[in-house]
Structure formats: structure tokens, C-alpha cells
Amino acid sequence: MKSEENTIYLPEMRYLAESHVPLSREMKQKIYPDTWNENLYFESSLYKVKINTSAAERRNLNATIAIKESLNIYEEGREKVFYFKNGNIFRIVNTEPVMPPDRPSYPGDYGLRFDFKNGKIETVGCYFRQKPCQEIIHLDSSGEVVKVVKEKAQCEKGCGHLVPYRIPGSYFVADHKVRVRKEPSIKSEISTELKKDTPIEVIADTEIYEEIFPHYGTWAKVRLDDGRVGFVYGAFLRAPGEIDVVAIREKANEWKKMNGWREK
């Protein structure tokens with residue numbers, strides 16, 4: 001039986017919980033935020049989670065995980081935002097301040113963006129300043145790749161994940177040959193390598209951020225099957241409810257081969 005502390009009332013909250021978004025007790029138990037101005041917060045020293053909703057359309061809700069490295073009244077920091085309509089997820093975006101010529105600061109999409117239809121993933125795309133770049137992968141309702149569209153623009157900042165935090169719990173290794181290190185740094189000694197989809201336990205988030213191109217995220221402290229403790233970069237972990245981007249891209253590469261795709 002679930003404890004009252006873990007009770008989740010909204011399908012939106014369930015999606016976030018399965019994606020291992022850090023949620024407060026109030027977020028899980030809130031029946032519905034009433035107005036656009038009502039925000040629910042959960043924060044640590046380096047990140048915060050905010051949930052709000054539209055007063056005009058009561059089942060429109062969004063959740064933001066913001067890295068507090070540069071948050072102030074004038075400028076937003078790096079954020080991952082989950083958008084919902086009628087109880088279903090319809091978009092996940094990574095944003096950060098970018099500097100177009102006509103505005104001093106503008107929170108634009110960068111890296112991977114996911115769009116959904118009826119709660120199922122429809123496209124995986126690369127964006128910069130809210131414009132598509134590199135390629136867009138289209139999927140059907142069963143998750144099979146039906147088309148890959150090559151964009152003219154190349155991504156100025158690469159096409160990666162923003163991973164603000166990894167809560168303790170069970171994960172999978174998200175990529176091939178993921179390295180476990182002795183300290184939370186790309187320069188640290190390697191303990192071992194893990195295969196994709198290997199189950200792994202996160203003990204704690206270090207809140208130590210690092211940019212490993214094209215990703216930006218924290219290092220997670222993990223426990224291996226043999227009891228050893230090490231550190232894995234957060235972008236190389238996948239929660240049970242998160243999208244398996246590596247698998248989708250591998251399917252997209254097969255589609256390209258079958259359809260005579262030519263890389264530049």
C-alpha cells in the first residue's frame with residue numbers, strides 16, 4: 001500500500017514521477033492548482049521545480065525544472081519544461097538564455113525537443129532559438145520511425161539533453177559503453193563501463209554540474225551490482241518513464257539506410 005506521502009492525484013504528476021522529476025509532497029497530493037498565479041515549488045541549493053496552470057484552460061499545466069545558476073528578475077536560467085494538455089504530456093523542451101540581435105535575453109529552445117500526440121511521442125527534434133536544426137525524427141503511435149527530415153540549419157550548440165537533477169532511485173544506463181568514474185568529473189579515473197539498459201541505482205545527486213558536449217547536467221552517485229559506489233553523468237541515465245532517445249536514433253539510422261539517406 002502506498003503511503004500518503006507518495007499519493008499522486010493527477011495523471012500529469014504521475015508522468016513526472018515516472019520520469020523521476022523531483023516532486024514535493026504538496027505537488028503529488030494537490031488535486032488541481034486553481035489559477036495561473038498559483039505555483040508549487042520544490043528546491044535545493046542549485047535547482048528548483050515549479051508547477052503552474054492556466055486559469056483559462058484548467059487542464060493546461062506545465063512543470064519547470066530550473067537550474068539556479070543565473071536566475072534573477074531579468075534573466076531566466078537553464079530549464080527543462082514539461083507541457084501538458086487535458087492530462088496528457090504534449091511537449092518537453094530544453095531552454096536557456098540565448099542572445100538574438102534584437103533582444104538582450106531570450107529563453108529559447110536548445111538541444112532535444114519532444115512533441116507528443118495523444119500522450120504518445122510523435123517527433124524527436126533538434127532546436128536552437130525555437131527553430132529546428134540538424135534533423136527531426138517522426139514516429140507513429142507504436143513508436144516506429146516513419147520519416148526523418150533533414151533540416152538546413154545546423155545546431156549552433158549541439159543537440160543534447162539538459163539534466164538538472166537525478167533523484168535517488170532505479171534507472172537504466174541510457175547509452176552504449178557508459179563509464180562509471182571514481183569521482184564526479186569527466187577527468188576522473190574510470191572504474192568500469194556499463195552496457196546500455198543495464199539497471200543501476202542512484203544513491204544521490206551530487207549537484208555538481210558539467211557540460212559534456214552536447215549535454216549539460218549533474219553527476220549522480222550510483223551503486224553497482226557488486227556493491228561498489230561510483231559516479232555516472234546524469235545524461236547517460238534513463239528513468240523508467242523517460243524517452244529512450246538512443247533507441248529512437250538507432251531506428252532512425254535504419255530508416256535512413258533503407259531510404260537512401262545521404263549524409264553530408
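What you see is a predicted model, and the numbers here were worked out from it, not measured in a lab. (Residues numbered from 1 in each chain as written. Predicted model: local features only at pLDDT ≥ 70, side-chain atom pairs only at ≥ 80, totals over all residues. Heavy atoms only, no water.)

With that out of the way, let us pick up the pattern of salt bridges. Applying the stated criterion across every chain, the model contains 15 salt bridges. Across the pair D115 and R113 runs a salt bridge whose closest N-O atoms are separated by 3.2 Å. Each member of the pair, D115 together with R113, is buried. Overlapping salt bridges, with partners in common, bring together R91, D109, R113 and D115 in one network. (Salt bridge = Lys/Arg side-chain N within 4 Å of Asp/Glu carboxyl O. Buried < 20%, exposed > 50% of the residue type's maximum accessible area, 1.4 Å probe, protein only.)

Attention now goes to the nonpolar core. Counting 44 residues, the largest nonpolar core has L16, F82 and F114 as the members making the most contacts within it. Beyond its immediate stretch of four places on either side in the chain, L16 contacts V21, L23, I51, A63, F82 and F84. Residues V178, I200, V232 and L237 belong to the second largest nonpolar core, which totals 13 residues. (Core = buried A, V, L, I, M, F, W, Y, C linked by side-chain atoms within 4.5 Å. Contact = heavy atoms within 4.5 Å.)

This part takes up the state of the cysteines. A complete count under the given rule lists 2 disulfides for this structure. Each disulfide pairs two cysteine sulfurs, and for C133 the partner residue is C155, the sulfurs being separated by 2.2 Å. Classification of the bridge connecting C133 and C155 rests on its S-S torsion, roughly 100 degrees, and on that basis the disulfide is right-handed. Within this pair, whereas C133 is found in strand β8 (residues 131-139), its partner C155 is found in the loop between β9 (145-150) and β10 (162-163), the two being separated by 22 residues in sequence. Per residue, the accessibility class of C133 equals that of C155, and both read buried. Cysteine pairing for the protein, with bonded cysteines counted in sequence order: 1-4, 2-3. (Disulfide = S-S within 2.5 Å. Helix = DSSP H or I, 4+ residues; strand = E, 2+ residues; numbered from the N terminus.)

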